[in-house]
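# Tertiary structure, described
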Protein chains: 2
Amino acid sequence: MSVTVAAGFRAAGVVAGLKPSGKPDVALVVNDGPQHSAAAVFTSNRCKANPVLWSERTIVDGRLSAVVLNSGGANCYNGPEGFQTTHASAELVAELTGGQAFDVAVCSTGLIGQPLDRPILEAGIRAAHAQLSPDGGPAAAEAIMTTDTVAKQATASGDGWVVGGMAKGAGMLAPALATMLVVITTDAAADAATLDAALRAATKTTFDRLDTDGCMSTNDTVVLMASGASGVTPTQDALSAAVTAVCADLAEQLWHDAEGAHHDIAIEVTGAASEDDAVEVARAVARSNLFKAAVFGNDPNWGRVLAAVGTTTAVFEPEKIDISMNGVKVCRAGGTQFGEPSTSVDLTGRQVHVLVELNAGASTATILTSDLTHDYVHENSAYST
Amino acid sequence: MSVTVAAGFRAAGVVAGLKPSGKPDVALVVNDGPQHSAAAVFTSNRCKANPVLWSERTIVDGRLSAVVLNSGGANCYNGPEGFQTTHASAELVAELTGGQAFDVAVCSTGLIGQPLDRPILEAGIRAAHAQLSPDGGPAAAEAIMTTDTVAKQATASGDGWVVGGMAKGAGMLAPALATMLVVITTDAAADAATLDAALRAATKTTFDRLDTDGCMSTNDTVVLMASGASGVTPTQDALSAAVTAVCADLAEQLWHDAEGAHHDIAIEVTGAASEDDAVEVARAVARSNLFKAAVFGNDPNWGRVLAAVGTTTAVFEPEKIDISMNGVKVCRAGGTQFGEPSTSVDLTGRQVHVLVELNAGASTATILTSDLTHDYVHENSAYST
């Protein structure tokens, strides 16, 4: 399962003591090769955490031998020692694995602005190294959880090679990227450029279309590493498809586990003049607190969908928009014709599908979001206290 | 008080029966002249309600003799009869007051997508006309309330003339414009161009800087009418200052009455390279659900402020940002120096002041917002059910 399904990878997850809960909080994923090509994408937030500032530099040569991850602290905006702690943890992993610090990516998640205890972290890294195993994927996936209720893992198979991945993320989930850490591994043989193309193609239509609460993290990182241990070199298309499948699977798991959510809402926009237009419209609806609160109340309040669509710059004519909720067309021709009664819409289930037909072109996009609930407010007003 | 403090205006508010609650729901404001110059601004939402589509056309000649307003229905996206109902109500006011339909602005507020009962509305208009009075301002202000808990009224005095106004709005309050209806009157003598300049200057720094929940309405309208009854022609600056004072007062009242809010949060950004930058940064913080939920929990989680700042395109260097909450500098030099402990921040009071010092220029702006509370979720998940 997870990051150790691919040959050439070992992983571990341990309790270091960074989390007051005493749950696992340090993970290590090591690529034993023979190849060490890698690619990564990071948050587009301009306020970046120390591990992101570090990892952005490590990936420039397209090579990684390991990723070390911790929960229990974002290591972000916590004074000058924060970056030194990130650097020291990469040096320690390099020392233990016989590699170079610049081949070690670092990921952290937790509260911003808090010190990250270096001795505890370093002891955890040593413990994780001692427990590295070809079966360690699930333990690593568990160690990166924060408010996640379940560990997220996914796999996809190629012809003689496989892709596996793990992810964490439950809040501050908005794209480019969502608040999350993701490590994906493959035993396919592939150079860094091929991996980079596969990863960017995959994240563009998966993690970047997840927007549970409109809040963008300082720590988002998605790493893809190839060991080449299968001896098979897939085509770009085959590799991209498998990586996309793993990313889509993980993104769905993040969606279903979003903090406090009672409904998993897919906002599908069709008939857009461009894919960018479709994404803009879907994201505007996904970020409407009024719409999200209405769904929590099982209220098919499509007026709030329309009000959100109207705030965008997408190409459309208001009197041509159709809106359906769970298959019932409640708004027809922008309200110039009567739609089906809202009372026909059943929102009592977990899954909600909103279809916005712009009737302005042929492009489509879907954004995955959550409803706005009492549990979301509770969880995020009490998180750090 | 309110829209009848200025000489030359009469108003009324009545129970027509549009609201199931039986509360007042139709208001009429009439300008008896001698002048009838006017200006108005409307929602920038591209999905506009029928009364907005109508009123945008009535204002092109800079002349209004009356405004008719209803709560209990937005008259938006409710089939072809909706616009006809708006038109018919303007015709009826014109007939009753001896004017032209194109000199009557129409405003509606309530649920989108619901029919607006024309016979009930028309009976209400007739009743309101029969009750028109120079003391009718407060009754009119009451009749436009929806989820507002108090009627909003304000006045400002010039040299021999006055400005008065009323407003409604509690939810879907985001700018350009906020979800609200506002009518402002003056007995100053002023042409339409002067009124337009005064109104645009006023709304730009008042209503447009109110952003309680990031949701933009389909019905927002702000109307300014001058009767000239004082016989005094103020300078542009004097008129703009008085109109701005009334708009700022009304905006503060809307802020304090935002749906479900427990904290009134002012996000002040200083040291920005431009006013647009300052507004963008302040608005990004004001729209962070995680930050707003933290304030609800009295949690000075400045990491969420920083994470929101980082999503903007404003000019800044992350390591130069200072953040203060209620006067305590919790983040210094973007976390490269330690700030005061968050435990020194007291958020138990209603008023919260967040100061973001970008240290990138000399421009400033303040956005007024609210916290994200259980009451907000409750009110907006149960509103139409």
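What you see is a predicted model; the values in this text were computed from it and never measured.

## Considerations on the overall build of chain A
- Assigned secondary structure in chain A consists of ten helices and 15 strands.
- The C-alpha radius of gyration of chain A comes to 22 Å, within 12% of the 21 Å expected for a compact globule of 385 residues.
- When the backbone C-alpha atoms are referred to their principal axes, chain A occupies close to 70 × 50 × 30 Å.
- Across the 385 residues that make up chain A, the buried fraction comes to 62%.
- For chain A, the computed accessible surface area is about 12,500 Å², with 51% contributed by carbon and sulfur atoms.
- For chain A, the centre of its 22 positive side-chain charges and the centre of its 42 negative side-chain charges are spaced 4 Å apart.

## Notes on the domain arrangement of chain A
All names here are of chain A.
- When the domains of chain A are assigned, the result is domain 1 (2–256) and domain 2 (264–381).
- The C-alpha-based centres of domain 1 and domain 2 are spaced at 33 Å.
- Listed by partner, the interface residues are 13 residues for domain 1 and 19 residues for domain 2.
- Counting the surface domain 1 buries against domain 2, the share from its top three residues, R209, D211 and W255, is 54%.
- Our enumeration of links across domain 1 and domain 2 arrives at one salt bridge.
- Residue E275 pairs with K204 through a salt bridge whose shortest N-O separation is 3.8 Å.
- For the interface between domain 1 and domain 2, the tally reads two residue pairs in polar contact (both at pLDDT 80 or more).
- A breakdown of the residues in the side of domain 1 that touches domain 2 according to their chemical character gives four nonpolar, four polar and five charged.

## Describing the confidence of the model for chain A
- Summing up the model confidence of chain A, the mean pLDDT is 86 and the portion of residues at 70 or higher is 95%.
- Ranking the helices and strands of chain A by mean pLDDT puts helix α3 (residues 118–130) of chain A first, with 97, and strand β13 (residues 337–338) of chain A last, with 76.

## So, helix α5 (residues 192–204) of chain A
Residues and elements named next belong to chain A.
- Over its 13 residues, α5 extends 18 Å from the first C-alpha to the last, a length consistent with the 18 Å expected when each residue adds 1.5 Å.
- Of the residues making up α5, those classed as buried are T194, L195, A198, L199, A202 and T203. One side of α5 carries all its buried residues, which in axial view fall inside an arc of 150 degrees.
- For α5, the secondary structure elements touched by its buried residues are β3 (37–42), β8 (181–186), β9 (221–226) and α6 (236–256).

## Things to note about helix α6 (residues 236–256) of chain B
- The terminal C-alpha atoms of α6 of chain B lie 30 Å apart, and with 21 residues this matches the ideal 30 Å at 1.5 Å per residue to within 8%.
- For α6 of chain B, the set of buried residues is L239, S240, A242, V243, V246, C247, L250, A251, Q253, L254 and W255 of chain B.

## Quick word on the interface of chain A and chain B
- Each side of the interface is counted separately: chain A has 53 residues, and chain B has 53 residues.
- Carbon and sulfur atoms make up 63% of the area that chain A and chain B hide from each other, which totals about 4,400 Å².
- The interface formed by chain A and chain B holds zero salt bridges in total.
- Listing elements by their share of the side of chain A that touches chain B, those giving two or more residues are α8 (289–296), α9 (302–309) and α10 (374–381) of chain A.
- The element that contributes the greatest number of residues to the side of chain A that touches chain B is α10 of chain A, accounting for six residues.

## Describing the sheet that holds strand β12 (residues 328–332) of chain A
Residue and element names in this part refer to chain A.
- The mixed open sheet is built from six strands, whose spatial order is β13-β12-β11-β14-β10-β15. Sheet topology places β13 and β15 (363–370) at the edges, where each strand pairs with a single neighbour.
- The sheet contact formed by strand β11 (residues 322–325) and strand β14 (residues 351–357) spans four bridges and is antiparallel. When the bridges of β14 are listed, S324 appears paired with L355.
- Relative to the sheet, α9 contacts β11, β12 and β14, its axis offset from that of β11 by approximately 135 degrees.

## Section: the sheet that holds β3 of chain A
All names here are of chain A.
- If you trace the five strands from one edge of the open sheet to the other, you get β3-β9-β8-β7-β6, paired in mixed fashion. The open sheet terminates on both sides in strands that have one partner only, identified here as β3 and β6 (152–157). If you compare each strand with its neighbour and ignore which way they point, the axes differ by 10 degrees on average.
- Relative to β8, strand β7 (residues 162–168) runs antiparallel, the two being bridged by six bridges. In the strand pairing of β8, V163 is matched with T186.
- This element, α5, spans β3, β8 and β9 of the sheet and lies at about 30 degrees to β3.

## Here's the deal with the packing of aromatic side chains
Residues and elements named next belong to chain B.
- Evaluated as defined, the whole model comprises four aromatic pairs over all chains.
- Look at W54 and F102: their rings are 5.0 Å apart centre to centre, the planes differ by 5 degrees, and that puts the pair in the stacked class. Taken as a pair, W54 in helix α1 (residues 50–58) and F102 in the loop between α2 (81–97) and β5 (104–108) lie far apart in primary sequence, 48 residues in all.
- A relative accessible area of 47% means that F102 is categorised as partly exposed.

## As for the relation of the copies chain A and chain B
- Superposition record for chain A on chain B: RMSD 0.1 Å, screw rotation 180 degrees, translation along axis 0.0 Å. Each copy turns onto its partner about a two-fold axis. Among all residues of chain A, the one whose C-alpha sits closest to the rotation axis is H374 of chain A, at a distance of 2.8 Å.
- Looking at chain A, 98% of its interface residues are interface residues in chain B too, so the copies touch through the same face.

## Here's the deal with the environment of H36 of chain B
Residues and elements named next belong to chain B.
- Positionally, H36 belongs in the loop between β2 (26–31) and β3 (37–42).
- Discounting residues that sit within four places of it in the chain, H36 has contacts with N31, G62, R63, L64, S65 and A226.
- Engagement of the side chain of H36 in a polar contact is seen with the backbone oxygen of N31, the distance being 3.1 Å.

## Focus: unusual backbone geometry
- Cis rather than trans, the peptide bond between G33 of chain A and P34 of chain A has omega equal to 20 degrees.
- Structurally, P34 of chain A is set in the loop between β2 (26–31) and β3.
- For Y77 of chain A, which is not glycine, the phi dihedral falls at a positive 50 degrees.
- Note that Y77 of chain A resides in the loop between β4 (66–70) and α2 (81–97).
- Not every positive phi belongs to a glycine, and N326 of chain B is a case in point at roughly 45 degrees.
- Mapped onto the elements of the fold, N326 of chain B is located in the loop between β11 (322–325) and β12 (328–332).
- For N326 of chain B, a relative accessible area of 29% gives the class partly exposed.

The rules behind each value
Residues numbered from 1 in each chain as written. Chains lettered and ligands numbered in written order. Predicted model: local features only at pLDDT ≥ 70, side-chain atom pairs only at ≥ 80, totals over all residues. Heavy atoms only, no water. Helix = DSSP H or I, 4+ residues; strand = E, 2+ residues; numbered from the N terminus. Rg over C-alpha atoms; globule rule 2.2 N^0.38 Å. Buried < 20%, exposed > 50% of the residue type's maximum accessible area, 1.4 Å probe, protein only. Areas by Shrake-Rupley, 256 points an atom, 1.4 Å probe, with all protein chains shown as cover. Lys, Arg positive; Asp, Glu negative; His and termini not counted. Charge placed at Lys NZ, Arg CZ, Asp CG, Glu CD. Domains from an automatic or database assignment. Contact = heavy atoms within 4.5 Å. Buried area = accessible area lost by both parts, 1.4 Å probe. Salt bridge = Lys/Arg side-chain N within 4 Å of Asp/Glu carboxyl O. Polar contact = N/O pair within 3.5 Å; in protein donor to acceptor, adjacent residues only side chain to side chain. Nonpolar A, V, L, I, M, F, W, Y, C, P; charged D, E, K, R; others polar. pLDDT = per-residue confidence, 0-100. Expected span 1.5 Å × (residues − 1). Arc of directions from axis to C-beta. Pairing = 2+ DSSP bridges. Axes fitted to C-alpha atoms, helices over the stretch in contact; angles between N-to-C directions. Phe/Tyr/Trp six-rings, centres within 6.5 Å; stacked < 30°, edge-to-face > 60°. Least-squares fit on C-alpha atoms with pLDDT ≥ 70 in both.

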